[in-house]
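# Commentary on secondary and tertiary structure
Spelled out from the first residue to the last, the chains are:
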Amino acid sequence: MTAGDDIRHAGTGFDLLFSNELDAAKTHLSSEDSAFHLLGLGCVVFLQAALGMETGMMAEASRLLTSAEAKARKGAKASKTSPQTRRFVSGLDFEVLQADAVLLLGFTQALSESYTGYLQCMYSLNSAHSKFSKIYKTAFPDGIDKFATPSSTPVASRQPSLLDVPQTSRDSPTSITPPSSSASRIGLFSRWSSSSSKPASRATTPVFTEPDGPVEELIIAGAAFGYGLFNLVLSLLPAKVKGVVGFFGFNSDRSLGLRALAVAATKDDIHGVFAGLALMSYHGSVLLLSGYQADEAHILKQYKAIVDKLEGKYPNGSLWILNRAKILRMSYDPDGAISALQAGLAPERPHSFVQADALLVFDLAWTQLAQRNYQESADMFLRMTMLNTWSHATYHFIAAGCYLSLGNVEKARTILDNVPQLLDRIGRKIGGRDLPTEVFIRKKIAFYKQKQARRGSEADYAASIRISPAEELGLFWNVHDRITLSSAKAHIRDWTALSPPIHIDTPYVSSPKTPPDNEHLVDLDTPDELALRSLLLGVVHRSISHFREARAFLLDVAKHPVEAKWMNALALFELAVLHLKEAEASDKADADLPDTAAPSESSKALWNKALKEAEGMLDQASEASANTDLISLLRDEIMLKQKRGFC
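Parameters and conventions
Here the residue numbering is sequential within each chain, running from 1 through the sequence in written order. Residue-level local features of this predicted model are given only where pLDDT is at least 70; pairs of side-chain atoms are given and counted only at 80 or more, and the full residue set underlies all totals for whole chains, interfaces and linings. Values reported for side chains reflect all heavy atoms of the structure, with hydrogen atoms and water molecules removed beforehand. The helix and strand labels rest on DSSP assignments: H or I over at least four residues marks a helix, E over at least two residues marks a strand, and numbering proceeds from the N terminus. We call a residue buried when its accessible area falls under 20% of the maximum for its residue type, exposed when it is over 50%, and partly exposed in between, using a 1.4 Å probe and counting protein chains only. Whether two residues are in contact is decided by their heavy atoms: any pair within 4.5 Å suffices. Method for areas: the Shrake-Rupley scheme with a 1.4 Å probe, in which residue coverage is limited to the protein chains shown. Lines fitted to C-alpha atoms define the axes here, with helix axes fitted over just the stretch in contact, and angles between the N-to-C directions of these axes take values from 0 to 180 degrees. Working definition: roughly parallel below 35 degrees, roughly antiparallel above 145 degrees, roughly perpendicular at 65 to 115 degrees, and oblique for all remaining angles. Put simply, a crossing is left-handed when the front helix is turned counterclockwise from the back one by less than a right angle, and right-handed when it is turned clockwise. The predictor attaches a confidence to each residue, called pLDDT, with possible values from 0 through 100. Centres within 6.5 Å make a pair out of two Phe, Tyr or Trp rings, where for Trp the six-membered ring is used; the pair is then stacked when the planes are under 30 degrees apart, edge-to-face when over 60, and tilted otherwise. Consider the ring centre and the ring normal. A charge sits over the ring if Lys NZ or Arg CZ is within 6 Å of that centre and within 35 degrees of that normal. Among buried residues, the Ala, Val, Leu, Ile, Met, Phe, Trp, Tyr and Cys ones that are joined through side-chain atoms within 4.5 Å form a nonpolar core. For this scheme, ten residues count as nonpolar: Ala, Val, Leu, Ile, Met, Phe, Trp, Tyr, Cys and Pro. Four count as charged, namely Asp, Glu, Lys and Arg, and the remainder, Gly too, count as polar. Pairing of N or O atoms within 3.5 Å defines a polar contact, subject to two protein rules: one partner must be a possible hydrogen donor and the other a possible acceptor, and residues neighboring in sequence count only if both atoms are side-chain atoms. A pair is scored as a salt bridge if a Lys or Arg side-chain nitrogen falls within 4 Å of a carboxyl oxygen belonging to Asp or Glu.

Before going further, it helps to spend a moment on the overall build of the protein. Along its length, the protein carries 26 helices and 2 strands. In the protein, which comprises 647 residues, the proportion classed as buried is 56%. Considering only intrachain contacts with a sequence separation of at least 6, the fraction spanning at least 24 residues in the protein is 69%. For the protein, the exposed surface amounts to about 26,700 Å²; the carbon and sulfur share of it is 55%.

Set out below in structure tokens:
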């Protein structure tokens, strides 16, 4: 078969995969041994391992990807002697495949969770980065401005959370240009890498905007995907890590990365699907975790355009159903999200791609928790133990919290009794360390036992738990951000009913239970519990726009000398979000402001104050926490607001 035939045939295997027909996809891709088919098969196994967090499958993924890389390298070398019959030099399609294989090999090496694996990963990623940079310059010698993106909105005119096109003014976009050849030569391995030693020749690459056939489609989509992915992922790394990877020659431009991925996502080549996955992951993270978005409507529009395209092509695919549900949830339609997820898990649908189905179950579990559907949430978290080998202790712990919220202490106790042995299993590690959730669970169980010991005996520690650990862990997934008013009111009633009574006014306060004379028998008898209640109440009040009450509760967190310092950092982060949300609510004119219009002086004054206050809170949060991922996402949104002239 020709290269074009191989691409089409292997593409059918990917079509089966993304339609949840995993077994059929493997059979189809195993029927040929071309570089395209080997890469496809390696990619399928990699997705199984990565989505299901099944590190045991990484060895097979590495074997297949190594074979694919070798065959692609051989194909590229053989093609050099062939006459150029297309717009691109012969063999460039094989170079794209080789870069793909090396990139995925880097990821598999990182997921091996060993220091040797990390070093191998850095070497592989350096190689892939050099290859994609070279291919990008060849495929897009004059940049990518002329190429379409999934959203109908012109990229050069939009303002928001995509960081797409740097602008020198509100009306005049700056042209995007690829990094110079001198920049690409900087790095630890530059002397060993001929691919970055000189810029790609433009003489053999005429300017055009549409590919001609599957080979050109693969080159264009692959170049945009690989180059865009590197720029996006590297731009999201914490500042300290960026300093380390900069030593390897990795530089990043998030706006260019997002733009390149958006271009790739419009293509029918399989790289377009993976570009769509990358963009959906990014958009979903910004919407879920940043707390505030400079232009939420546009993110949802771009997100929806990608999902519409892929769901239309693969209506049975769990990955697109998952993202459709995320859009519904982010659009304040949790019931619609639950219905979509439940429909995706219906028995009549194909379910051989278990790892993708597990994502539906996981998202459904959290969405049910946000809606206070505790029984349904517990069922889904326990179902996760049958779908992957990731932290079963975490799934059990959250399910136990759901039963505590239902008042079924006996069932919660039974589940909690299983957690210690699940933690003691040879468990999941990240860089040789226990999973953060499992570290958290160990500390919480010790905390509950100490509390129960003060009441007599630590044996029945479940009886001492007053705030569900499911709700506490939900803070890390930002579960309470987009909940319904009825759910928020119910939460407030539950938490304010605990003793000792709160001393902050709220319209939804319940009368606290009268505690016994023994002060140790109040519901919440430690600074950590009191701070946790204030943190939860602050988040929930902010989610329903009761900003005054939210601020009072969040400020109250710092008044308690807690052992769990993460609560102080998260309270500061939430205060930053609150300042921005409050300004947004006050500045009603902002919602209808055209992209090209300058904000009014009153808007600028309002936002200038809010943005400075938010930045101050984030500075404090950065000092209080080693985890700066959320902080970085919110800083990006602040920067975008400032670029629109609101300061």
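Resuming the write-up.
When we look at burial in helix H23 (residues 547-557), the residues that qualify are Phe547, Glu549, Ala550, Phe553, Leu554, Asp556 and Val557. Looking at the buried residues of H23, the elements they touch are helix H22 (527-543) and helix H24 (566-586).

This brings us to the packing of H23 against H24. Orientation of H23 relative to H24, taken along the N-to-C sense of each, is 160°, at an axis distance of 9 Å. In terms of their interaxial angle, H23 and H24 are classed as roughly antiparallel. The way H23 lies across H24 gives a crossing that is left-handed. Here Phe547, Ala550, Arg551, Leu554, Leu555 and Val557 of H23 lie close against H24, whose contacting residues are Met567, Asn568, Ala571, Glu574, Leu575, Leu578, His579, Lys581, Glu582 and Ala585.

Attention now goes to the confidence of the model for the protein. Low-confidence regions, as indicated by low pLDDT, have predicted coordinates that should not be scrutinised in detail. Of the residues in the protein, 81% reach a pLDDT of 70 or more, and the chain-wide mean stands at 83. Within the protein, the element-level pLDDT minimum falls on helix H7 (residues 181-184), averaging 35, and the maximum on helix H16 (residues 374-384), averaging 98. Across residues 152-207, confidence stays below pLDDT 50; counting only partners more than four residues off in sequence or on other chains, it has 120 contacts.

What follows is about the environment of Ala101. Secondary-structure assignment places Ala101 in helix H5 (residues 92-110). By relative accessible area, Ala101 is classed as buried at 0%. It is 8.4 Å that separates the C-alpha atoms of Ala101 and Ala128, two residues lying 27 residues apart in sequence. Sequence-distant contacts of Ala101, defined by excluding residues within four places in its chain, comprise Leu39, Leu65 and Glu69.

Now for the packing of aromatic side chains. Counting across every chain of the model gives 23 aromatic pairs. Relative to Phe18, the ring of Phe14 has its centre 6.4 Å away and its plane inclined at 20°; by these criteria the two rings are stacked. Residue Phe14 is classed as buried on the basis of its relative accessible area of 6%. A residue is classified by how much of its surface remains accessible, and Phe18, at 2% relative accessible area, is buried. Ring centres of Phe362 and Trp477 lie 6.2 Å apart, and the angle between their planes is 65°; this geometry places the pair in the edge-to-face category. Residue Phe362 is located in helix H15 (residues 354-370), and its partner Trp477 is located in the loop between helix H20 (469-474) and helix H21 (485-496); the two are separated by 115 residues in the primary sequence. In this structure, Lys444 is placed above the aromatic ring of Phe447, and the distance from its NZ or CZ to the ring centre is 4.7 Å.

The next thing to look at is unusual backbone geometry. Following Ser499, the chain continues to Pro500 via a peptide bond in cis, the omega torsion being 0°. If you trace the backbone, Pro500 turns up in the loop between H21 and H22. Even without being glycine, Arg372 reaches a positive phi, approximately 65°. Here Arg372 lies in the loop between H15 and H16.

Grouped together as the largest cluster of nonpolar side chains are 100 residues, with contacts concentrated most on Phe397, Leu416, Leu535, Met567, Leu580, Trp607 and Leu634. With 11 residues, the single largest contributor to this core is H24. Residues contacting Leu535, with those up to four places away along its chain left out, are Leu475, Leu554, Val557, Trp566, Met567, Leu570 and Ala571. Judged by nonpolar contacts, the second largest core, of 93 residues, contains Leu47, Ala68, Phe147 and Leu279.

What follows covers the environment of Lys559. Locating Lys559 in the fold gives a position in the loop between H23 and H24. A residue is classified by how much of its surface remains accessible, and Lys559, at 64% relative accessible area, is exposed. Separated by 29 residues in sequence, Lys559 and Leu530 place their C-alpha atoms 9.7 Å apart.

The N-to-C vectors of helix H1 (residues 3-17) and helix H2 (residues 22-29) enclose an angle of 165°; their axes lie 7 Å apart at closest approach. By the angle between their axes, H1 is roughly antiparallel relative to H2. Crossing handedness for the pair H1 and H2: left-handed. Two secondary-structure elements touch here, H1 through His9, Ala10, Thr12, Gly13, Leu16 and Leu17 and H2 through Leu22, Ala24, Ala25, His28 and Leu29. Of the residues that constitute the contact of H1 with H2, the class distribution is 7 nonpolar, 4 polar and no charged.

Here the focus is the side chain of Thr138. Within the secondary structure layout, Thr138 lies in helix H6 (residues 115-139). Reaching out from Thr138, the side chain makes a polar contact with the backbone oxygen of Lys134 at a distance of 3.1 Å.

All chains considered together, the criterion is met by 28 salt bridges. Of the charged contacts in the structure, one is a salt bridge between Arg482 and Asp481, with a shortest N-O distance of 3.9 Å. Using a relative accessible area of 7% as the deciding quantity, one classes Arg482 as buried. In this structure Asp481 comes out as buried when scored by relative accessible area, which is 6%. The shortest N-O distance in the salt bridge between Arg551 and Glu582 comes to 2.5 Å. Within this pair, whereas Arg551 is found in helix H23, its partner Glu582 is found in helix H24, the two being separated by 31 residues in sequence. Judged by relative accessible area, which is 22%, Arg551 ranks as partly exposed.

With respect to the helices, strands and loops of the structure, Thr385 is situated in the loop between H16 and helix H17 (392-405). A polar side-chain atom of Thr385 sits 2.6 Å from the main-chain carbonyl oxygen of Leu382. Thr385 has contacts with His392, Tyr395 and His396, leaving out every residue within four places of it along the chain.

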